[in-house]
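So the chains spell out like this:
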Amino acid sequence: MKKTDLLVSLILLALTLGASLEIRNMPIGSFGSPGAGFFPFLVAILLGILTLILLAQTIWEKGKEKATPSNVWGEWKKGTLTVACLLGFIALFEYLGFLISTFFLMAFLLLAVGGRKWLEAIGTALISAFVCHLLFNSLLKASLPAGLLKGLLGN
Amino acid sequence: MDLFSALILGFSTALTVSNLAYCLIGVTFGTLIGVLPGLGPVAAISLLLPITYKLVPVTAIILLAGIFYGAMYGGSTTSILMNIPGETASVVTCLDGYMMARQGRAGPALGIAAFGSFIAGTLGIVGILSLAPLLGQAALRIGPPEYFSLTILGLSLIIILSRGPLVKGLIMATLGLLAGSVGGDPVSGFQRFTFGSFTLIDGLGLVPIAMGMFGIGEVLENVGRSSKSEDIYETKIHGLLPKLQDWKDSIWPILRGTVIGFFVGILPGPSVTISTFASYAVEKKLSRHPEKFGTGVIQGVAGPESANNAATCGAFIPLVSLGIPANVTMALFMGALMIHGIQPGPLFIGQYPEIFWGLIASMYIGNALLLVLNLPLIGLWVRLLRVPYNILFPLVLLFCLIGVYTLNSNIFEMLIMVVFGVFGYVNRKIGFDGTPFILAMVLGPIMEKSLRQSLLISRGHPGIFFGSPISLALLGLASLAFIVLLIPTFRKKKEVLKEDQG
């Protein structure tokens, strides 16, 4: 946990620096006439101070830290796979279309993350894709892309 | 407008066919989501929020309110039957509710939870009727310095009551303030942190971020856990109507829980959850047999369940009267209203009486629907609980993705949602609480606008915040809250509360 706090502190410091660089391009104004950059400027200062406090606390408590066995990959594996599936879905959503990309998303999640059997995953993915198509496109009239099935679905 | 005319307006608005239908959809969907472990009212509201954009404002709010208190009720079902809280406000119900189920008294536990929630909801609505217009009138007298101090107090309480160390809560709130400043400056329109992106011109968007942090983040955390199906207490559920003795044992806890829940619910932060703990503690303290709490006493279910429903009502008051959301759910409500061009605040009740009174009437109707529908549907919810989570979670993710896409048909917003889903997931793993972030993001623009207006009025002199008695009192309360936190005994009690919550 403390190593992560150290990493988080460094990331936050980088974020504070980045925000400060961007705030330089904003009109900060003055106390009597605050500009667009006034509030972000105060917030960035506060963030910097808090990050330094967190960093100091982390370093101060480093000696007291007990070594604990960790299975980081084991804990994060399914989450990472899920995120990868979601990103893949987003990348292909408009190209493949709602129906096809939903099928693949459901199938991958059920197989790779959910650990379901092949037949069950494919069947559930097919049914889900069609039911969601009916629900979102036909019933709720949401404009979801047809993608490769444009000629067939006419959207 | 007198109260009688207002209520007539409210019921005539709420009792239209479409509003009744959406109220029914809301309470049913809310209960469904509340029953599913791992998804709370925030995720439920986030999932259905995009659908409300096509509805008229009053119908949208009726739907969302139905989801909110439906989810509160649904959470108690899994607490009693599975010893798993459907959401954090149902944690306390597990203590005695599950033990009652193990003694073959699941029916009375579920029944008293439903009736208690109905009574508390009805009385809570009376509370809103009494307090909200008064507070709204008082709020007309407050200006930018008072509003700024109010947002400071609200944010302070949320930070103090958040999980994890204080400095992490402060950091999350600060990040939220920064996230809230992305987009056009509320005063001059100057583009901030947009990096030339059209998507970011209107800001990061409350909906993608809330759905990401509380929908996707929750799912990512749950998929990592064991997929073994949980034990559902296997018994035929009968006798849902409480007996006379059950009523005798429960009526005072219900009434006390209602009062506690309502007033605690007004406070910013996880007030709904806190109200349940407070009610349980009070009932245990007042009981002649406190040693029996935890072994299956009905008072341990009646009080907290009433408290959480009353707190749900109380949470609406700061939003409709002051325009300040007390928690993440209210922030989503606020987002829903603002998308329809309605600014909640002191003028809300006067400018949009049909929405306010329609909401009040629909809350009463919704509570009645919950009572009538959910008791017979308990069998259905139990069957739903048997569906393995690793089949449900892909559907939840899909609904989140599609829901966000339907906002503006923008892939980039889906990406924002997933990024914040990861952000929410990582936060949970490393001890940061997402609640201060979301609330700060919503309160940030209000805080900034009132700060700048105050400084303009005072020509840069910060004394304006201390010159007004109301502003001074609010800042004093915020400071006092931090000081109290730093006192060791209170800090220790807070750690115990967090362990119970976590």
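Residues numbered from 1 in each chain as written. Chains lettered and ligands numbered in written order. Predicted model: local features only at pLDDT ≥ 70, side-chain atom pairs only at ≥ 80, totals over all residues. Heavy atoms only, no water.

Focus on the packing of aromatic side chains
- By the definition in use, this model includes 19 aromatic pairs over all chains.
- Ring geometry for B:Phe118 versus B:Tyr364: centroids 6.1 Å apart, planes at 50°, classification tilted. Placement of the pair is B:Phe118 in helix H6 (residues 106-139) and B:Tyr364 in helix H16 (residues 353-374), with a sequence separation of 246 residues.
- An aromatic cluster is built from A:Phe89, A:Phe93, A:Phe98 and B:Tyr405, whose rings are joined through pairwise contacts. (Phe/Tyr/Trp six-rings, centres within 6.5 Å; stacked < 30°, edge-to-face > 60°. Helix = DSSP H or I, 4+ residues; strand = E, 2+ residues; numbered from the N terminus.)

Remarks on empty space enclosed by the protein
All names here are of chain B.
- The final tally for this structure, using the stated rule, is three cavities of 30 Å³ or more.
- If you add up the space inside the largest cavity, you get close to 50 Å³.
- Elements with a minimum of two residues in the lining of the largest cavity: H6 and H16.
- Here the residues of the lining of the largest cavity sort into five nonpolar, two polar and no charged. (1 Å grid on protein atoms, 1.4 Å probe; cavity = no way out; pocket = protein on both sides within 12 Å on 5 of 7 lines; lining within 4 Å. Points joined across faces, edges and corners; volume = space filled by probe spheres on them. Nonpolar A, V, L, I, M, F, W, Y, C, P; charged D, E, K, R; others polar.)

Considering the interface of chain B and chain A
- Taken residue by residue, the interface counts 55 residues in chain B and 62 residues in chain A.
- Contact between chain B and chain A buries roughly 5000 Å² in total, counting both sides, with carbon and sulfur atoms accounting for 82%.
- Viewed at the interface, chain A and chain B are joined by one salt bridge.
- For B:Lys168, the salt bridge goes to A:Asp5, with nearest N and O atoms at 3.0 Å. (Contact = heavy atoms within 4.5 Å. Buried area = accessible area lost by both parts, 1.4 Å probe. Salt bridge = Lys/Arg side-chain N within 4 Å of Asp/Glu carboxyl O.)

Let's talk about the nonpolar core
Residues and elements named next belong to chain B.
- Formed by 177 residues in total, the largest nonpolar core has its most connected members in Ile 128, Phe 333, Phe 437 and Ile 438.
- Those residues within four positions of Phe 333 in sequence are excluded, and the remaining contacts are Ile 45, Ile 61, Leu 64, Ala 65, Phe 68, Phe 316 and Leu 319.
- If you look at the next biggest cluster of nonpolar residues, it comprises six residues, including Val 91, Val 92, Tyr 280 and Val 297. (Core = buried A, V, L, I, M, F, W, Y, C linked by side-chain atoms within 4.5 Å. Buried < 20%, exposed > 50% of the residue type's maximum accessible area, 1.4 Å probe, protein only.)

Examining helix H2 (residues 38-60) of chain A
- Across its 23 residues, H2(A) extends 33 Å between first and last C-alpha, which sits within 8% of the 33 Å expected from 1.5 Å per residue.
- For H2(A), the full list of buried residues reads A:Phe38, A:Phe39, A:Pro40, A:Val43, A:Ala44, A:Leu47, A:Gly48, A:Leu50, A:Thr51, A:Leu54, A:Leu55 and A:Thr58.
- Packed against the buried residues of H2(A) are helix H1 (2-23) of chain A together with helix H8 (166-180), strand S2 (191-192) and helix H20 (435-458) of chain B. (Expected span 1.5 Å × (residues − 1).)

Some details on the confidence of the model for chain B
All names here are of chain B.
- Overall, the prediction assigns chain B a mean pLDDT of 83, with 92% of residues at 70 or greater.
- For chain B, helix H23 (residues 488-501) is the element with the lowest average pLDDT, namely 56, and H8 is the one with the highest, namely 94.
- Confidence drops under a pLDDT of 50 for residues 227-231, and excluding neighbours within four residues, the segment shows five contacts in the predicted structure.
- Reported confidence for the predicted complex is 0.89 by ipTM and 0.81 by pTM. (pLDDT = per-residue confidence, 0-100.)

Brief notes about the layout of surface pockets
Residue and element names in this part refer to chain B.
- Estimates place the volume of the second largest pocket at around 1400 Å³.
- Lining the second largest pocket are 48 residues; nearest its centre among them are Met 334, Met 338, Gln 343, Val 442 and Pro 445.
- Every element with two or more residues in the lining of the second largest pocket is listed here: helix H7 (144-160), H8, strand S1 (183-184), helix H9 (206-223), helix H14 (328-339), helix H15 (348-351), helix H18 (389-408) and H20.
- Looking at which element gives the most residues to the lining of the second largest pocket, the answer is H20, with seven residues.
- Tallied by class, the residues present in the lining of the second largest pocket amount to 28 nonpolar, 16 polar and four charged.

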